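Next come the chains, spelled out residue by residue.
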Amino acid sequence: MSKRHELSKKHLIINFLKLPNRKPLWQIFYEIIYLTITYGLLPNHYFGRYLFKKEVSNIKDFLPAKILQKIKPFFNDQLVDEVLENKLYYNLFYSQFSIPLPKILMYNHRNLFVIGSKAYKINTPSEFLEILSELMKANSLDSIFIKCTYWTYGGDSIYKFFAHQLVSEQTKIKALYGELVSSGYLFQETIEQHPTMNALNPSCLNTIRMDTFTDSDGVIEVMSAYLRISVRNSHVDNISSGGCLVKIDLETGRLHADGYLGFRFDVGVPITEHPITKMQFGTFAIPQFDKVKELVLNAASYMPGLRLIGWDIGIGVSGPILIEGNSDYDNTSNDFVSGGFLSNKVFLKAWNEYK
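Here the structure is a predicted model, which is why all the values come from computation and not from measurement.

Thresholds, definitions, all that
Residues numbered from 1 in each chain as written. Predicted model: local features only at pLDDT ≥ 70, side-chain atom pairs only at ≥ 80, totals over all residues. Heavy atoms only, no water. Salt bridge = Lys/Arg side-chain N within 4 Å of Asp/Glu carboxyl O. Helix = DSSP H or I, 4+ residues; strand = E, 2+ residues; numbered from the N terminus. Buried < 20%, exposed > 50% of the residue type's maximum accessible area, 1.4 Å probe, protein only. Pairing = 2+ DSSP bridges.

Q: Give me the pattern of salt bridges: which residues, what numbers.
A: Opposite charge on two side chains allows them to pair when their charged atoms are near. In the structure shown here, the tally under the stated rule is 13 salt bridges. A salt bridge links E221 to K349; the nearest nitrogen and oxygen atoms lie 2.6 Å apart. A residue pair is termed long-range when its members are at least 10 positions apart, and E221 in strand β8 (residues 220-230) and K349 in helix α14 (residues 345-354) qualify at 128 residues. According to the relative accessible area criterion, E221 is partly exposed, its value standing at 24%. Of the charged contacts in the structure, one is a salt bridge between D290 and K293, with a shortest N-O distance of 3.8 Å. One end of the pair is D290 and the other is K293, both in helix α12 (residues 289-301) and three residues apart, which spans about a single turn. The network of salt bridges with common partners includes K87, K147 and E324.

Q: Go over the pairing of strand β4 (residues 143-148), please, and point to the residues and values.
A: For β4, a buried count of six out of six residues is recorded, marking the element as mostly surrounded by other parts of the structure. The side-chain alternation of β4 yields two buried faces, one formed by S143, F145 and K147 and the other by I144, I146 and C148. The pairing of β4 with strand β5 (residues 158-162) spans five bridges and is classified as antiparallel. By the bridge assignment for β5, F145 is matched with K160. Across five bridges, β4 lies against strand β6 (residues 184-189) in antiparallel orientation. Bridging across to β6, K147 finds its partner in L186.

See the structure below:
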């Protein structure tokens, strides 16, 4: 499938006006004014979280992004957030607790590349291609993931290469060298996805975003969860990269019937099946979902200084794998799948403490 393009402003307006289930324009205008007065700022989330739909009556339960952004640093101590935001530190920290993680084969800081206990100074694109080829051959890899170590967002700075590309696309791989040595990257083994998840979408590791809150007594609870799915044969599933978001029922692990691509792509019109595999979302259940919840609750317990965390989990052949945790995660989508955070019982505990 070709890359899904954002709608132009003209087509956004036209498609929006044609929506059969939108509220009348006078009501939309009134609600925007009401929320502006209520929060003291322009409610940019009104369209992004589809509050214009007739069935959405609890518009005040959804919080603007600026307010959600302020809540995270209130609960997360900046002295320790580097443990999650630096993906190398994250792996080193959680590996001591026998938590399933993606395997790191190599990492670099600028032109120093480390494999095991040995560091190699790589000075040219040709040397980089050589060490990458040797790494994949030594580990019998068909593919490898390359991910920026520091503060990534929305699928940026994530690359996947297959073994055959080391021969057929050497120019492309060599061109990546300049970016890699300007920062730090992790070289990870590709996770073999659970066959049930492959049936939904085999093009990438479809990850669950699940957030947890630790209250002032140390009680940890899951707040919300949704599945991110690539709908265009991409190696990343992020919504900002053209992926799809589907809410997960926290009790059963089943997907809701509707998936959303984001207002810029769908103007609020959901899709009910994967466009390539044709799997109906409403018939699909996440395998080993109880173990997913157990995994994030366990991981959160080792991080007392960070009380509000967004976790990314993949389902491997042998079970859930904790891809990463984020103390500064984008919680606007969690607000959306909760039907408004102020209607979420767990979030209300955080909200009342924050206020």
